[in-house]
Amino acid sequence: MISLQSYLIISAVVFILGILTILYKKNAVGILMGVELILNSVNLNFLAFSKYIDAHINGQLVAIFIIILAASEAAVALAIILNLYRDRANIDVTQVDQMKN
Amino acid sequence: MEAKELLFLFIAIVTIASAGLVAFSNKLIHSAFALMATFVGFAALYVFLSADFLAVTQIVVYVGGILILILFGVMMTHRIYDTTLKTIHNPLAMGIISAAALAVILGLVIYRSPWAATVDKPFVPTTSIIGAEILTNYLLPFELVSVLLLGVLIGAVFLARTEEHKK
């Protein structure tokens, strides 16, 4: 029998790797990949709780909405990144600081 | 039962290893393909969690949609990073420190928390239940999300189109 904790551990490891991706990469598309990893690990948590604790399937329904939000977030983020690339020819997030001052 | 657990272990290792490859790969295109392996591994884990509809949705939306978008993004913007390959990463120490702190917190939460007693559910196909729930109890978030998707559709097209420069 696979326990709830094993799913939570996988989810926590992938969440931490997503945070690490966001902090480690300079490329904006790489940061977007880290965000996707984090959203996936959250989804796994919801599904694990939906199977092991909830008597109904509320977790799966929340997970569907998270998937929709992740898709829309990726679309808008990539549109912004393409615009940035067209404007600056560079998507290094440490170089994009026009709005800093 | 033994084979099921072995398969679970294999899928977990593949998922975590490819997620690590996403984080630490030097080339962004390698990260993108490792991300595909991670998404497929997550879909397999959803099958283990008896979420059949979610597993198929994961494949269709993530692998078929989001990953293709990310690959487009990588391939359309990769030219800069071919020449200056040295400076593509932030310093690792800060990331490792925060990741270790987060790992301690999450580990304590997972092992110390008194989880509620597990419900023993038999597997039932979830598609019809999800459809009924979306149109009854989850109707308001469903409508909100459809309005959001319309906004995102228009917004992404507006942001990504090429401007006609008028004199």
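The shown structure was predicted, so the numbers you read here are calculated from the model rather than taken from an experiment.

Caption draft 1: The arrangement of the overall build of chain B in detail. Broken down by element type, chain B carries seven helices and zero strands. In chain B, the order of α-helices and β-strands from amino to carboxyl end is α-α-α-α-α-α-α. The buried share of chain B, taken over its 167 residues, is 32%. Put simply, 57% of the contacts in chain B that link residues at least 6 apart link residues at least 24 apart. Carbon and sulfur atoms form 75% of the exposed surface of chain B, whose accessible area is close to 10,500 Å².

Caption draft 2: Representation of the side chain of Glu36(A) in the model. The residue Glu36(A) is located in helix H2 (residues 28-52) in this model. For the buried residue Glu36(A), which engages in no salt bridge, the nearest side chain bearing the opposite charge is Lys25(A), 15 Å off. Leave out the neighbours within four places in its chain, and Glu36(A) touches Ala70(A), Glu73(A), Ala74(A), Phe39(B), Tyr62(B), Ile66(B) and Ile70(B).

Caption draft 3: Spotlight on the interface of chain A and chain B. Listed by partner, the interface residues are 72 residues for chain A and 79 residues for chain B. Among the residues of chain A in contact with chain B, Tyr24(A), Met33(A) and Phe65(A) are the three that bury the most area, contributing 10% of the side total. For the pair chain A and chain B, the number of links is zero salt bridges. Linking chain A with chain B are eight residue pairs in polar contact (both at pLDDT 80 or more). Breaking the side of chain A that touches chain B down by element, the ones donating at least two residues are helix H1 (4-24), H2 and helix H3 (58-88) of chain A. Among the elements that make up the side of chain A that touches chain B, the one with the highest residue count is H3(A) (22 residues). Its residues placed into classes, the side of chain A that touches chain B shows 49 nonpolar, 16 polar and seven charged.

Caption draft 4: Just the UniProt feature "transmembrane region" (unreviewed entry) in chain A, in detail. Residue and element names in this part refer to chain A. When the UniProt feature table is mapped onto this chain, "transmembrane region" (unreviewed entry) is found at residues 6-24, 31-49 and 61-85. For residues 6-24, helix accounts for 100% and strand for 0%, while the C-alpha atoms at its two ends are 27 Å apart. Taken end to end, residues 61-85 is 100% helix and 0% strand, and its first and last C-alpha atoms sit 36 Å apart.

Parameters at a glance
- Residues numbered from 1 in each chain as written.
- Chains lettered and ligands numbered in written order.
- Predicted model: local features only at pLDDT ≥ 70, side-chain atom pairs only at ≥ 80, totals over all residues.
- Heavy atoms only, no water.
- Helix = DSSP H or I, 4+ residues; strand = E, 2+ residues; numbered from the N terminus.
- Buried < 20%, exposed > 50% of the residue type's maximum accessible area, 1.4 Å probe, protein only.
- Contact = heavy atoms within 4.5 Å.
- Areas by Shrake-Rupley, 256 points an atom, 1.4 Å probe, with all protein chains shown as cover.
- Lys, Arg positive; Asp, Glu negative; His and termini not counted.
- Salt bridge = Lys/Arg side-chain N within 4 Å of Asp/Glu carboxyl O.
- Buried area = accessible area lost by both parts, 1.4 Å probe.
- Polar contact = N/O pair within 3.5 Å; in protein donor to acceptor, adjacent residues only side chain to side chain.
- Nonpolar A, V, L, I, M, F, W, Y, C, P; charged D, E, K, R; others polar.
- UniProt positions renumbered as here; feature names shortened; annotations may be inferred.

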